[in-house]
Amino acid sequence: MTSIDELTVSTLRTLCIDSVEQANSGHPGLPMGAAPMAYTLWSRFLRHNPKNPSFANRDRFILSAGHGSTLLYSLLHLFGYDLTLDDLKQFRQWGSKTPGHPERGHTPGVETTTGPLGQGIANAVGMAMVERFLATKYNRPEFPLFDHRTYALVGDGDLMEGISYEAASLAGHLALDKLIVLYDSNDISLDGPTENAFTEDIVQRFTAANWNVLRVEDGNDLNAIAQALQTAQEQTGRPTLIEVRTTIGYGSPGRQGTAKAHGMPLGSEEARLAKAAYGWHYEEAYTVPKEVRQHLAPWIEQGERIERAWNEQFNRYKATYPELGEEVEKVLYGQLTDNWDAELPTFTPQSGEFATRQASGQTINALAKQIPNLLGGSADLASSNETTIKTEATFSRHNYAGRNLWFGVREHAMGAILNGMAAHGGVRVYGATFLVFSDYLRPAIRLAGLMKLPVTYVFTHDSIGVGEDGPTHQPIEHLASLRIIPNVVLIRPADANETVAAWRYSIGQNEHPVALALTRQKLPVLPGTDQLAQTGVARGAYILSKEATERIDAILLASGSEVSLAYRAKQRLEAQGLSIRLVSIPSFALFDMQDQAYRDEILPPHITARVGVEMAHPFGWDRYLGNAGEMVGIDHFGASAPAPELMKHFGFTEDAVISATLRSIERSHQA
């Protein structure tokens, strides 16, 4: 290590110490121990352009151990990203660009939101998959357009999480050799020594998963770290894990090597002693020596040269392959091809009955013909979820251009891998499982909402209509659970046409994830949805069947499979002389986004007789039903029996809807 290298590493460490001390909050231990490996990677290997954090062919760096965020912020600042010393001084403060954990879209240069451990390494797997997909699909021998690596820095906690097992297993199976993971191995977690809970052989685990595993004994040996990174870059056929043995809180005489260094400020005296151990003689906090600035300036210029060379290559590519070049441009900017929805199917009542999962499958295949970068798959349920693109191959180590993703029974990793793919850019992705198993990937869905990633989730078998599989497979609380995640749009279509419209909405936007709740059982195509659903679904709710007269005696609101039930109940109520409005409400979130005038048009405030019908927990329906409203729902677990019997037993019948309507009308008259 040269003197300037030592000074730069010390600068990183002291900036991190100062940020945590100033905030009186944070995690100094990881940055103090991991600074040398991070500096080595960024200064000698990482290909990026600080002046354009979205440069398409940049290497991706993911701090999976997101609690060490001060290390990432200090790197970004020193390497010339739009992050100032003043920003570092505002660490963890209101409105700052340096929140407690890294947030994608909030801080320039942050690739993905991390902090919940294990998510980042799975995101990295997704990013590495996209690089392989784009390279295989678009590169030509003389034009290696997509040729970058994905790096992740993980800690012991990341590798304890089950999601890391799932993600690493898939990465090894897919032979993602451009994925390199730096493991900050310090034997300490928040509560104490990892030996209290974590003594497995990481080398054997990753070797068994088809990873190349390297080890650096001294986390301060920059040359050894560099040699390991060079070896990792030369590895083919396997991703690489580099275990770097470090000391948490390195340099702090009273804290290093202990859990006390993990998640609390060192304190002024301990901070002073740590800086002294580094040979740091600057008195003022947040000092960046001018020698360090001068040392790193060429790396900033190199990043601009790397992007200029890539842009020149891309211009030659477009001249040589104009059609492909146009397609790549659209892909990179997240633009859809012209007439991307031209082949979407339309259904009529005469088309027969379709499970909405079947209609979804037809829609996926129609979209895939027009959208070349649409790819996705299922957690080992593709044949049941109807998510296979029939004309396309499987994404595999033998064909990275395949568009059918086999995630295996790894729901949590699937969710986080999809996030990584969407955050990388250049693809539109979907993933599928049964609705009841959305619990397994809920943390990843939440992060997709936080990052506003346009991932589509295909959740089939959406109610007790699953039938004989019983309560383990019958979702009850899941619709409500997904509806309350901010920025996540849940759509539960009533028939085949609403399913097509739901997909059209999801693919046509880039602002948030969309979850589709689809049926196993077949449903009729409802009259009018071939026209009404095209705009109605995107607005969250619409009048599917108008009232018989100018008078409205009651409004029936339903989602999904229960819309056809409510439709039949409406017909019987009108045979009794009542005038009933039927509203399909496939998406609470989209309906709530509409202006008040539209919402009042659909649900006139003076009509207080209202009935909600949904085979799920009624949580959240009260805001539409009001004091006089009635709910036909289910707030307990189901049972194993044929679906028709379950619906009769649990009260999802025309008679039950009619009785609820009459009660609501009576209550509204009494109000």
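Residues numbered from 1 in each chain as written. Predicted model: local features only at pLDDT ≥ 70, side-chain atom pairs only at ≥ 80, totals over all residues. Heavy atoms only, no water.

As annotated in an unreviewed UniProt entry, the protein is Transketolase from Sulfoacidibacillus thermotolerans. Per its UniProt entry, the protein bears the Subunit (unreviewed entry) comment "Homodimer." The UniProt entry for the protein carries this comment under Sequence similarities (unreviewed entry): "Belongs to the transketolase family." (UniProt positions renumbered as here; feature names shortened; annotations may be inferred.)

## With respect to the sheet that holds strand E18 (residues 580-584)
Sheet architecture is open: five strands sit in the order E16-E18-E17-E19-E20, paired in mixed fashion. Across the chains shown, the open sheet's two edge strands, defined by having one partner strand only, are strand E16 (542-545) and strand E20 (630-632). Each adjacent strand pair in this sheet contributes to an overall mean axis angle of 30°, direction not counted. Across three bridges, E16 lies against E18 in antiparallel orientation. When the sheet's bridge partners are listed, Ile-543 is paired in E18 with Val-583. (Pairing = 2+ DSSP bridges. Helix = DSSP H or I, 4+ residues; strand = E, 2+ residues; numbered from the N terminus. Axes fitted to C-alpha atoms, helices over the stretch in contact; angles between N-to-C directions.)

## A short note on empty space enclosed by the protein
Applying the stated criterion across every chain, the model contains four cavities of 30 Å³ or more. Approximately 70 Å³ is the volume attributed to the largest cavity. Lining the largest cavity, in full, are Trp-42, Leu-46, His-48, Pro-53, Arg-58, Asp-59, Phe-61, Tyr-81, Gly-109 and Glu-111. Here the lining of the largest cavity is composed, by residue class, of five nonpolar, two polar and three charged. (1 Å grid on protein atoms, 1.4 Å probe; cavity = no way out; pocket = protein on both sides within 12 Å on 5 of 7 lines; lining within 4 Å. Points joined across faces, edges and corners; volume = space filled by probe spheres on them. Nonpolar A, V, L, I, M, F, W, Y, C, P; charged D, E, K, R; others polar.)

## Looking at the environment of Arg-92
With respect to the secondary-structure elements, Arg-92 resides in the loop between helix H4 (85-89) and helix H5 (119-138). The class of Arg-92 is partly exposed, set by a relative accessible area of 28%. Remark: the alpha-carbon pair of Arg-92 and Ser-25, spanning 67 residues in sequence, is separated by 7.7 Å. Beyond its immediate sequence surroundings of up to four residues, Arg-92 is in contact with Ala-23, Ser-25, Gly-26, His-27, Thr-98, Pro-99, Gly-100 and His-101. A distance of 3.5 Å separates the side chain of Arg-92 from the side chain of His-27, its partner in a polar contact. (Buried < 20%, exposed > 50% of the residue type's maximum accessible area, 1.4 Å probe, protein only. Contact = heavy atoms within 4.5 Å. Polar contact = N/O pair within 3.5 Å; in protein donor to acceptor, adjacent residues only side chain to side chain.)

## Considerations on the pairing of strand E14 (residues 514-517)
Both faces of E14 are covered, namely the face carrying Val-514 and Leu-516 and the face carrying Ala-515 and Ala-517. One ladder, built from three bridges, connects strand E13 (residues 489-491) with E14; its direction is parallel. By the bridge assignment for E14, Val-489 is matched with Val-514. For the crossover that starts at E13, traverses helix H18 (residues 496-507) and ends in the parallel E14, the hand is right-handed. (Right-handed = clockwise from strand over helix to strand, strands pointing away.)

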